Amino acid sequence: MSKVHVNVGTIGHVDHGKTTLTSALTQVQALRLGGKGLSFDEIDRAPEEKARGITINTTHVEYESDARHYAHIDCPGHADYVKNMITGASQMDGAILLVDATKGAAKQTIEHILLARQVGVRHMVVFVNKLDALASDERDDMKALIQMETEALLETQGYEGTPFVFGSALKALEAVARGDLDDPAVTGIIDLVAALDSSIPDPVRDFDSPFLMPIEGVHTIEGRGTVVSGRVERGVIKVGDKVEIVGLDNEGREVVVTGTQAFRKDIPEARAGMNVGLLLRGLKRDGVERGQVLSAPGAIKARTRGKAQIFVLTKEEGGRHTPFAGGYQPQFFFGVTDVTGVINIADDGVVSPGDQAEVSFDLRKPVGIEKGMRFAIREGGKTVGAGLVTEVLA
Ligand code: GDP
Ligand code: MG
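Here the residue numbering is sequential within each chain, running from 1 through the sequence in written order. Throughout, the order in which chains and ligands are written sets their labels, letters from A for the former and numbers from 1 for the latter. Side-chain atom pairs in this predicted model are given and counted only at pLDDT of 80 or more, local residue features only at pLDDT of at least 70, and totals for whole chains, interfaces and linings cover all residues. To get the side-chain values, take all heavy atoms of the structure and skip hydrogens and water.

Visitor: Lay out the overall build of the protein chain in plain terms, naming residues and giving numbers.
Guide: Counting from the N terminus, the helices are the DSSP runs of H or I reaching at least four residues and the strands are the DSSP runs of E reaching at least two. When helices and strands are counted, the protein chain shows seven helices and 26 strands. The reference for a compact globule is 2.2 Å times residues^0.38; the radius of gyration itself is calculated from the C-alpha atoms. What you see for the protein chain is a C-alpha radius of gyration of 24 Å, in line with the 21 Å of a compact globule of 394 residues. Projected onto its principal axes, the C-alpha coordinates of the protein chain cover approximately 75 × 55 × 35 Å. Contacts are assigned to residue pairs with any non-hydrogen atoms lying within 4.5 Å of each other. Counting contacts in the protein chain only where the partners sit at least 6 residues apart, residues at least 24 apart contribute 70% of the total. Once the 44 positive and 55 negative side-chain charges of the protein chain are each reduced to a mean point, those two points are 8 Å apart. We count Lys and Arg on the positive side and Asp and Glu on the negative side, and we leave His and both chain ends out. Lysine's charge is taken at NZ, arginine's at CZ, aspartate's at CG and glutamate's at CD.

Structure below.
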């Protein structure tokens, strides 16, 4: 049987040991269960990746536990974590928060916890690293202190009962190099994998929520009618069910599904995660457009106003050269929906290239947006930033 696939990643302040731990995880698990162990240098050469037109440096590695296959990401810098999390480039089912035992939680530790909460990372495991760097007579006190302090930070963001594992990623790498798998530092890595296995539940597709599918394409099938295509985000739909077309200039028109297809074959029902075509009764080709959303009736409303966490690219990254103030009007790209909107900033503030900020927005046309949706911010045909909806207002 194939193992359950789970997405994780290391987060935390620069230099607390994320890349060293990533290397240790691959090496220890490769020795125990097979797979490829990677050196620090192999991981630290993060390749560039693009999401929503934005360049992000991330390294993807993989390792296994008895029950699972883990895909794990490690980013070189703080800005890459911010971009990764806001664009949703690689969404984590759970995160490994690194805290340096000699320093405790630092500025980026706090920012990453906050971002993880905002982007919907549901589960966290803490690895308190560099225990070897503490004098043995202060070790117990420091462990207790760091756990208390980090737990308090996690609790302010709603992470309760987070497991803590104490260890030394560097010592684990050294022990692996000596072939000593009984070293306590290696045990620490094994304990961490066990904590991931037990505290991050198996990811599940959402079949139970009301049906939702962003419309990516509209086609005409001769003799049958209009078919809309897209990837079902959640829920299940079958022939005979009613759906509502939401967003842009549409005021929530209801239609009946008369056919469900995948790979050009009729299927009994379209389920979350599938790429499908849905035949809609009596709908004209121009009665629906790319960028609208198909939902169970009443499940989602087209909205224009909300709040978002955004980041703005620097000039070097191809972004703006100058800051913008409230009233700025870029294009918002939600999936394939493209609308103009206004960004408002509290207290007459400005947002500079390279900044991350909490803003509110007002779209020119209603769009089926929800909390947790991501968008690209574009201006004059180029991407200048990205955002995540944190609240929908009207
Ligand atoms: P990142 O910026 O969070 O990815 O941190 P790195 O993995 O690059 O580690 C930063 C520094 O801390 C490097 O010099 C590592 O060798 C060192 N380091 C990492 N883990 C440990 C550890 O367990 N003990 C000690 N003493 N140093 C460590
Ligand atoms: Mg690193």
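Read on, since the account is not over.
Visitor: With reference to specific residues and values, describe helix H5 (residues 139–156).
Guide: With 18 residues, H5 extends 26 Å between its outermost C-alpha atoms, agreeing within 8% with the 26 Å of an ideal straight helix rising 1.5 Å per residue. For every residue, the accessible area (1.4 Å probe, protein chains only) is compared with the maximum for its type, and the residue is labelled buried under 20%, exposed over 50%, or partly exposed between those bounds. By the burial criterion, the buried members of H5 are Met142, Ile146, Thr150, Leu153 and Leu154. The buried residues of H5 occupy an angular sector of 95 degrees when the element is viewed end-on, so they sit on one face. Across from the buried face of H5, at angles greater than 90 degrees, the exposed residues are Asp140, Asp141, Met148 and Thr156. Take the residue count of a helix, subtract one, and multiply by 1.5 Å to get its expected span. Directions are taken from the helix axis to each C-beta atom, and the arc is the one they span.

Visitor: Could you give me a rundown of the side chain of Ser65, with the residues and numbers involved?
Guide: In this fold, Ser65 is placed in the loop between strand S4 (59–64) and strand S5 (68–74). For Ser65, the residues in contact, after removing those within four places along its chain, are Lys3, Gln29, Leu33, Tyr70, Val193 and Asp197.

Visitor: Residue-level account of the site of ligand 1, with values.
Guide: Around ligand 1 lies a shell of 15 residues, among which Asp15, Lys18, Thr19, Thr20 and Asp132 are the nearest. Under this definition, polar contacts are N or O atom pairs within 3.5 Å; protein pairs additionally need one hydrogen-donor-capable and one acceptor-capable atom, and for neighbouring residues in sequence, both atoms have to be side-chain atoms. Side-chain polar atom of Ser168 to an oxygen atom of ligand 1: 2.9 Å apart, as the coordinates give it. The separation between an oxygen atom of ligand 1 and a polar main-chain atom of Ala169 is 3.1 Å. Considered on its own, ligand 1 offers 580 Å² of accessible surface; in the complex 77% of this is hidden by protein. Looking at the shell around ligand 1, the elements that each hand over two or more residues are helix H1 (18–33) and helix H6 (169–178). No other element matches the three residues that H1 contributes to the shell around ligand 1. If a single non-hydrogen atom of a residue is within 4 Å of a molecule or strand, that residue counts as near it. Only the protein chains shown count as cover for residues, and all accessible areas are computed by the Shrake-Rupley method using a 1.4 Å probe.

Visitor: Describe the packing of aromatic side chains, and please don't skip the residues or the numbers.
Guide: Centres within 6.5 Å are what make two rings of Phe, Tyr or Trp a pair, Trp counting through its six-membered ring; a difference in plane orientation under 30 degrees is then read as stacked, over 60 as edge-to-face, and the rest as tilted. Under the counting rule described, the total for this entry stands at eight aromatic pairs. An angle of 45 degrees between the planes, with centres 5.7 Å apart, marks the rings of Phe332 and Phe361 as tilted. Here Phe332, found in strand S21 (residues 331–334), pairs with Phe361, found in strand S24 (residues 356–367); they are 29 residues apart in sequence, far enough to count as distant. On the accessibility criterion, Phe332 (1% relative accessible area) is buried. Here the aromatic cluster, defined as three or more aromatic residues joined through ring pairs, consists of Phe332, Phe334, Phe361 and Phe375. The positively charged end of Arg271 is found above the aromatic ring belonging to Phe207, 4.2 Å away from the centroid. Our definition puts a charge over a ring when NZ of Lys or CZ of Arg is within 6 Å of the ring centre and also within 35 degrees of the ring normal. The ring of Phe333 is capped by Arg378, whose NZ or CZ atom sits 5.3 Å from the centre of that ring.

Visitor: A description of H6 should follow, citing residues and the corresponding values.
Guide: Taken together, the buried positions of H6 are Ala169, Ala172, Leu173, Ala175 and Val176. For H6, the angular spread of buried residues about the axis comes to 165 degrees, placing them on one side. Residues of H6 that are exposed and angled more than 90 degrees away from the buried face: Ala177 and Arg178. As for H6, its buried residues are in contact with H1, strand S7 (123–129) and helix H7 (184–199). Of the residues flanking the end of H6, it is Gly179, one or two places downstream, whose phi is positive at about 75 degrees.

Visitor: So what's going on with the nonpolar core? Residues and values would help.
Guide: Formed by 35 residues in total, the largest nonpolar core has its most connected members in Ile11, Leu97, Met124 and Leu154. Every element with two or more residues in this core is listed here: strand S3 (54–57), helix H3 (78–87), strand S6 (94–100), helix H4 (107–118), S7, H5 and strand S26 (382–392). Here the limits of each domain have been adopted from an automatic or database domain assignment. A domain-level breakdown of this core finds at least three residues from each of domain 1 (4–199) and domain 3 (302–393). Look past the residues within four positions of Met124 in its chain and what remains in contact with it is Ile11, Ala95, Leu97, Ile113, Ala116, Leu154, Tyr159, Thr162 and Pro163. Only buried Ala, Val, Leu, Ile, Met, Phe, Trp, Tyr and Cys residues count toward a nonpolar core, and they belong to the same one when joined by side-chain atoms within 4.5 Å. Listed in part, the 29 residues of the second largest apolar core include Leu21, Val61, Val125 and Ile189.

Visitor: Explain the side chain of His69 to me, and be specific about the residues and the numbers.
Guide: Tracing the backbone shows His69 in strand S5. Residue His69 is classed as buried on the basis of its relative accessible area of 18%. A distance of 2.6 Å separates the side chain of His69 from the side chain of Glu62, its partner in a polar contact. Setting aside anything within four residues of it in sequence, one finds His69 in contact with Lys3, Val4, His5, Val6, Glu62, Tyr63 and Glu64.

Visitor: So what's going on with unusual backbone geometry? Residues and values would help.
Guide: For Asp15, which is not glycine, the phi torsion reads 75 degrees and is therefore positive. By secondary structure assignment, the location of Asp15 is in the loop between strand S1 (4–11) and H1. Despite not being glycine, Asp347 has its phi angle at roughly 55 degrees, a positive value. As for its position among the elements, Asp347 is in the loop between strand S22 (337–344) and strand S23 (350–351).

Visitor: Describe the pairing of S22, and please don't skip the residues or the numbers.
Guide: One requirement defines pairing of two strands: DSSP has to find at least two bridges between them. The pairing of S21 with S22 spans four bridges and is classified as antiparallel. Pairing of Gln331 across the sheet is with Thr340, part of S22. Taken together, S21 and the strand that follows it, S22, pair antiparallel across an intervening segment of two residues, in which Gly335 is found at a positive phi of about 60 degrees.

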